[in-house]
Structure formats: C-alpha cells, structure tokens
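If you want the building blocks of each chain, they are given just below.
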Amino acid sequence: MNSLLLIVMAISLGGLAFAWHLSRWVLRHGTGTPAMVKISDAIKAGAEAFLERQNRTIVWMALITASLMFVGYGFIRHHHDFDPVDTALKLSTWITVSFLLGAFCSVLAGYAGMWISIRTNIRTAHAAQTSLNSALQIALRGGAVSGLLVVSMSLLGVAGLYFLIHTLNGVEPERVPLLTVGYGFGASFVALFAQLGGGIYTKAADVGADLVGKVEAGIPEDDPRNPAVIADLVGDNVGDCAGRGADLFESTAAENIGAMIIGATLASTALRNGMKFSHGIIGVIMFPLLLRAFGIIASICGIMSVKLKDEEKQDPMSALNNGFVITVLLSIVALGGATYYLLNSPDAPNAWWHLFLCGLLGILASLALVYITQYYTEDRYRPVKSVVDASETGPATNVIAGLAVGLESTALPVLVMASALLGSYYLGKTCGLPNAGLFGTAVATMGMLISAAYVLAMDTFGPITDNAGGIVEMAKLHEDVRVRTDRLDAVGNTTKALTKGYAIGSAGLAAFLLFQAYIDEVIQYAGLAVDAAFPVDLSRPVIFVGGLLGAMLVFFFTALTLRAVGRAAQSVIGEVRRQFADLRREDDMIHFTKDFEPDYRTCVDIVTTAALKEMVLPGLLVVLAPLTVGVLFRAFIVKGDELIAAQTVAAMLMVGTIAGILMALFLNNSGGAWDNAKKSVECRKVNGKYIIGHDGKRRKNPTHGAAVVGDTVGDPFKDTAGPSLHVLIKLLATLALVLAPLFL
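Worth saying up front: this structure is predicted, and the values here are computed from it rather than measured.

The rules behind these values
- Residues numbered from 1 in each chain as written.
- Predicted model: local features only at pLDDT ≥ 70, side-chain atom pairs only at ≥ 80, totals over all residues.
- Heavy atoms only, no water.
- Helix = DSSP H or I, 4+ residues; strand = E, 2+ residues; numbered from the N terminus.
- Rg over C-alpha atoms; globule rule 2.2 N^0.38 Å.
- Buried < 20%, exposed > 50% of the residue type's maximum accessible area, 1.4 Å probe, protein only.
- Areas by Shrake-Rupley, 256 points an atom, 1.4 Å probe, with all protein chains shown as cover.
- Lys, Arg positive; Asp, Glu negative; His and termini not counted.
- Charge placed at Lys NZ, Arg CZ, Asp CG, Glu CD.
- Axes fitted to C-alpha atoms, helices over the stretch in contact; angles between N-to-C directions.
- Parallel < 35°, antiparallel > 145°, perpendicular 65-115°, else oblique.
- Left-handed = near helix turned anticlockwise from the far one by under 90°.
- Contact = heavy atoms within 4.5 Å.
- Nonpolar A, V, L, I, M, F, W, Y, C, P; charged D, E, K, R; others polar.
- pLDDT = per-residue confidence, 0-100.
- Phe/Tyr/Trp six-rings, centres within 6.5 Å; stacked < 30°, edge-to-face > 60°.
- Salt bridge = Lys/Arg side-chain N within 4 Å of Asp/Glu carboxyl O.

K.L.:
Which parts of the structure should I look at to understand the overall build of the protein chain?
P.N.:
Looking only at helices and strands, one finds 21 helices and 2 strands in the protein chain. In terms of overall size, the protein chain behaves like a compact globule, its C-alpha atoms giving a radius of gyration of 25 Å where 744 residues would be expected to give roughly 27 Å. Looking at the protein chain residue by residue over its 744 residues, the buried ones come to 65%. For the protein chain, the exposed area adds up to about 24700 Å²; of that, 64% sits on carbon and sulfur atoms. Across the protein chain, the 55 positively charged side chains and the 59 negatively charged ones have centroids separated by 3 Å.

Printed below as a string of structure tokens:
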C-alpha cells in the first residue's frame, strides 16, 4: 500500500510543481498599457472581494453542517457491530474531519483557479496585439494551472486521508473508503454553493449589461461606458473559474471514493472465492488513484503540445483539439499499464484486458461527448447556423430555434452514455471475476475522467479569453486586436460548452457509480452479505414517491436558480438605467457626454449582495432533500422491510439523476448555441463594417438585437442552472453516501 500511495502522491506533487511553473511562465509576460492595467486591477478587486465574501458564507454553513454531522453520528445514532470503527465517536470524528478537509480543499481549488485567471486575462490581451498563437498559449496555460491544481489536490487529499485513517485506526483496507465519504460530501457541498453563487453573479451582471447596453443603448459589448461591464467581467472569473474549479474538484474526489468502495467490494468477493490479484486487495482499491495520477502526466503533455502553425488559416479550436487528442492517446497507454499492473489476476487471465476495454469505452465516450457538444454549439455546424438564420426574423424565432437545438441535443449524449454503461457492465461481467459488472462501469468512469486536467484547462481558457476581449474593448485598442480576441472568445465559448458536455457525461456515469457505492455501503452497514440483493422496486408506492420527489427536485431547483438570476439581473438593469437616465434625449436616444464616468462599484456591490443572498435557498434545498426523505420515510420501516427508507432514497437518487442529466444537457447546449449564434452575427460585415461596431458608434441591427435576446435567455441556462445541476446530481449521491447509516 505504501509504495502505491507513494507513487500517487509523488505524481500529484509533480502536478502541483508543474502548475507553479506554468503560473510563473504566464506571469512573466507583459501587461500592456496603463489603461489595460487599470481595467485588469478593477476586475481583480471585484473578483477577490466577491470570493472572499462568498467563501466566508460557505465556511460558516460548512461548519454548521459539520457540527450537525458530528452530533448525529456521535450521539444520536448508536454504534453498531458492523461499523468500520469500534465506537460511534470515532465514526463521527473521521466522517466530520474528512468533510471539513474536502470542503477546505474545494475552496482552495476554486480560489486558485480564479487567482491565476484574473492575472492571465491581461497578459492574453497584451499578447493578442502581436500574435494570436502567443495569446492562445498564454490563455491555455493559465487555465492549465487551475486544471492541474484541482486534479492534483484531489488526489493528494483522498490518498492522504486514506493513509491517515488506515495508519491511525488500523481499519481493514477494504473498509477505509467508508470513512472517506465525507471528503466527497465536503467537496460537493462547497462546489454547489460556489457554482450557484458564481453562476448567479456572472449571469445577473451579463444580462443587465447586455440588455441595457446592447439592446437599449446600442453600444458594443464590454463598452467602458456601461456601468455593469466590470461586474460582467468579474462574473466570468467567479463563475466559470472558481465555480467550475470547485465543481471538477468534487467530481474527481467523489468519483475516486466511489470507485474505491466498489473496488473494495469486488476484491473482497474475489478473495473469498479463492482468487488473487497481482498486488492484492490494496491494488484494486488504489487503481482509481493511480490511473488518475497517470492522467496528470498525459494532460501535461497535451497542454504543452498546443500551438498554432498558421495564425491566418488555422482555427484555434483545431489546435486545442489536437492537444486533447494527444492527451487521450497517452491516457489509453496509461490505462493499459494500470489495468495490467493492478488488476491482473492469475485466476482470471481475461480480467485485466476486459477491464482495460471498459476504461477505453469511457475514454471514447468522453471524446464523443466533447465532439457532440462541439457540433451543437459551434457556429460552423447546422444547429447554431439554424439559430443565426432564425435571428433574421426576430427574437421569438431565435428563442424557438435555440430551444429546439437544446432539446435535440439530449439524444446523442444519452445514447453515448448508455452504450458506455452497458458495454462496460457486460465486459466486466464476463471478465472472470465474481460480480465485476459494476466495477466495469467504475473503470469506464475512471477512463472518462482521466483527462480531467486538460478539460478543465480548456474550460478556464473560456473566461480568460472573454476577459481579454473585454480589456481590449475597454482600453480602446485597435479593432484588429479585438478581432483576434473575438476569435479566441468564440473558441472559449465552445470550450466552455464542451467541458459542460464532458462534465455532465462524467456526472452521469459517476452518478451511477456513486449510486452503486451507496448500495454497497447500505449493505455493509446493514450487516448483510456483500452480494446481498438490494431491490429498488418502483412498483411499490413508497419507493415510487421517492423517485417522483427526485424528478421534482431537479425542476424545482432549476426554477429557483433561473428566478435568482432574473431577480438579481433586474437590480442591475435598474441601476444601469438610472445611470443612463440623465443621458436620454427627447427621442429616447442616449447621448454620452465626454465627462460621463460610469459608477462600476455600485453594480459590483449590487450583484455581489444579490448572488450571495440568492444562492442559499437552492443550495439548502439540495442538501436537505435526501436527508428529509431518508429520515421521514423511516416511519415505513416494519419487520422484514428494514431497508425501505434506504431504498426510497435510492429511488430519489436514480430518478433525480436521470432527470438532472437530461435537463442539464438541454440547458447547457441551448445556452451555448445561443451564445455562439450571437458571436456569429457580430462577426458579420455589412457595407464593409462589422454588424456591431467596436468603435463606439451606434449601429443598431434587428438581427443582432434578436441574437442578443436569445443569448440573454441562454446565459442563465448555460452558466447558472446547467452547471449547478452537474453538482446537484453528484451531491445527492455523495450526501446519500454520508447519511446512509441514518436511514437504517
């Protein structure tokens, strides 16, 4: 065990060291003119102020939750002989400690991603004045700092916690993962509120800035005369960088723990059947961590390979795709080595290569999901072109076309996920190991997530390039520079959409993995045989109601998040209109005077207060729902049916996951299509000039107005509700893992 943990920790520390190297490389680049620095400093101040207030709120809620968990496990719930430790106090201590550690690491990962992004944006803008390739590399490597930090810290946290629990308590290796589930819950808890708060902030500011600035005042995006423009640029960082960093941190942490629990069950069953592995039971348990560590190396190689050979002809997206392909190919090699090294059993010679194929299915599924999302959200393809065409006849047809794209886009990803799950299940089932079908799906999930560091780098690339374009606009640099940053921004919109497709695909497979881990945990805590049946029969009224509540939770949560953005945006719109009120003439046209200086700080304060207030209710809804169902439905426990409450929660997880996956796909892809349709319209030329000018002149266009309305509708879809559903799906499962003993 020590040698395997040493390898995992060494690679993780290497990933952190390389992230530090990349951050130094990025920070060595120039920051441009004093005007650019002034704008960048305003963005930094707003982002850091918001994140400080948000994290303070999250920390207090996490401490309250940790206290309740400690009391619930240590004093309300009685100790049972089948618990992994010998006293209730030990159980409550380790679950609470792991929760707090996961929450702390998640906060740190989100803050680190935001810290580097708000310093990379100005350097990307400065590089775009001379070279598109240089700007591309700076933006991607700045994003890679976040990706490498998130994955490396996640591995270090899980591996370190495993070592501490095993060393200090002498718990059997196969039972240690049961005490680490709090780590995944802590990470998910922070990720939900970080994604909610950041998502509400960024979209409230964006909607307010676009509707008043573009539609009413007819000024360009990121025009310095718009009072909400700094808040908008701040939002890109606190939502897409800090929020997504915390999101993917909890993904990797929770899914590692879930795979370790299922692996422990598989290895224990195999040993009881007289079967052995090349590195024993510990090798199977450590497999997810070692595979993820190899993924760090593959991602570093992919990141460093990205380069534009011909700036005029080559699409920046193709350069990013090439890096992703390199990462995937190296990941396949790493997968083959890890499965042979750790999952090879002389008693089942076909096991390792069957499980290798399971992981390969996961990798191919991630590749397919990325390109499917690219098809539905990039302006080169039919779906976005249809939204652009619909914009020519007004906002209504634009919205209808975008909704149709989003609904259509759910089909192919579901087929991909279904194929990966079924294929990996039956490959695992036929590998020669007992009850290995579910472990096959766990290996597929690990395969999908092996490239997480590169994918997060592409995701953070989006807000960095968006900010760079805003800095260029506000600093009034030459229009050719803005054209370069617009090319990168359009690619950034696509990469953000791609990573959301990747995230929801991994969330779907991971939710199934965590669902099975929940079943294994309930069986172990109930003192049943490892291979005991755990039916979730939806024909039973009590269990059907649990499933119905799970589906309702997804829709109600989505409604709360969209309403939160709407309410916060109304406050921003009111403030921008107030500042523009004295500039309106009798014909309702806005006439800017030379001495007009917008008040950016007031808009930043309004959005900050609104986002922190609005994030609490949706977050508490998700946290309390499975706990309430599991505890209240204990009333239906009768002799011979002691698992009814746990089964009801399982139905809630199962149906809620299905509804959440479909809703998230719809929201993410429709929003991405609307966004890139607007960008496509803005890149058009009419009479030799861009349809939306970068020179500050008023050139209203009805097609552009319709595209802006569609983009505004899609903003909270793709950047607030959709990403928050990724976290909801996994938080429900990790929360159930932590609370499972309370349902028995």
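Read on, since the account is not over.
K.L.:
Explain the packing of helix H2 (residues 34–76) against helix H7 (residues 229–272) here, please?
P.N.:
Working note: a packed helix pair is described by the angle between its axes plus the distance between those axes. Between H2 and H7, whose axes approach to 9 Å, the crossing angle comes to 50°. As the angle between them shows, H2 and H7 are arranged oblique. In the packing of H2 onto H7, the handedness of the crossing is right-handed. Of H7, the residues touching H2 (which contributes Ile39, Ala42, Ile43, Gly46, Ala47, Phe50 and Leu51) are Ile230, Leu233, Val234, Asn237, Val238 and Ala242. A breakdown of the residues in the contact of H2 with H7 according to their chemical character gives 11 nonpolar, 2 polar and no charged.

K.L.:
Before we go on, may I ask you to explain unusual backbone geometry in this structure?
P.N.:
Peptide bonds are trans in most cases, and residues, glycine excluded, mostly fall at negative phi. Of note in the backbone geometry, Asn435 takes a positive phi value of approximately 55° without being a glycine. Tracing the backbone shows Asn435 in the loop between helix H13 (411–429) and helix H14 (437–449). For Asn435, a relative accessible area of 53% translates into the label exposed. Phi at Lys476 is positive, roughly 60°, even though this residue is not glycine. Looking at where Lys476 falls in the secondary structure, it is placed in the loop between helix H15 (452–474) and helix H16 (479–525).

K.L.:
Hey, could you run me through the confidence of the model for the protein chain in this one?
P.N.:
Low-pLDDT stretches of the model should not have their predicted coordinates read in fine detail. When pLDDT is averaged along the protein chain, the result is 85; 96% of the residues meet or exceed 70. Note on residues 693–698: pLDDT under 50 across the span, and 15 contacts to partners over four residues away in sequence or across chains.

K.L.:
How should the packing of aromatic side chains be read in this particular structure?
P.N.:
What describes a pair of aromatic rings is the distance from one ring centre to the other and the angle between the planes of the rings. Scanning the entire structure with this criterion turns up 15 aromatic pairs. On the basis of an interplanar angle of 80° and a centroid distance of 5.0 Å, the ring pair of Tyr375 and Tyr376 is categorised as edge-to-face. Measuring from ring centre to ring centre gives 5.1 Å for Tyr425 and Tyr426, while their planes differ by 90°; the resulting arrangement is edge-to-face. For Tyr425, a relative accessible area of 26% puts it in the partly exposed group. Take Tyr426: its relative accessible area is 47%, and that puts it in the partly exposed class.

K.L.:
What is the right way to look at the packing of helix H10 (residues 351–377) against H14 in this model?
P.N.:
Contact geometry for H10 and H14: axes closest at 7 Å, N-to-C directions at 45°. Considering their axes alone, H10 and H14 lie oblique with respect to each other. Our pair here, H10 against H14, has a crossing hand that is right-handed. Contacts from Leu355, Cys358, Gly359, Gly362, Ile363, Ala365, Ser366 and Leu369 of H10 reach H14 at Phe439, Gly440, Val443, Ala444, Gly447 and Met448. Grouping the constituent residues of the contact of H10 with H14 by class yields 9 nonpolar, 5 polar and no charged.

K.L.:
Mind showing me how you'd approach the pattern of salt bridges here?
P.N.:
Opposite charge on two side chains permits them to pair, given that their charged atoms come into close proximity. According to the stated counting rule, one finds 19 salt bridges in the structure shown. One salt bridge connects Glu48 with Arg119, and the closest N-O pair in it is separated by 3.2 Å. Linking Glu48 in helix H2 with Arg119 in helix H3 (residues 88–127), this pair joins segments that are 71 residues apart in sequence. Here Glu48 falls in the partly exposed class, since its relative accessible area comes to 26%. The buried category is assigned to Arg119, whose relative accessible area is 16%. One salt bridge in this structure joins Asp86 and Lys90, with 3.4 Å as the shortest N-O distance.

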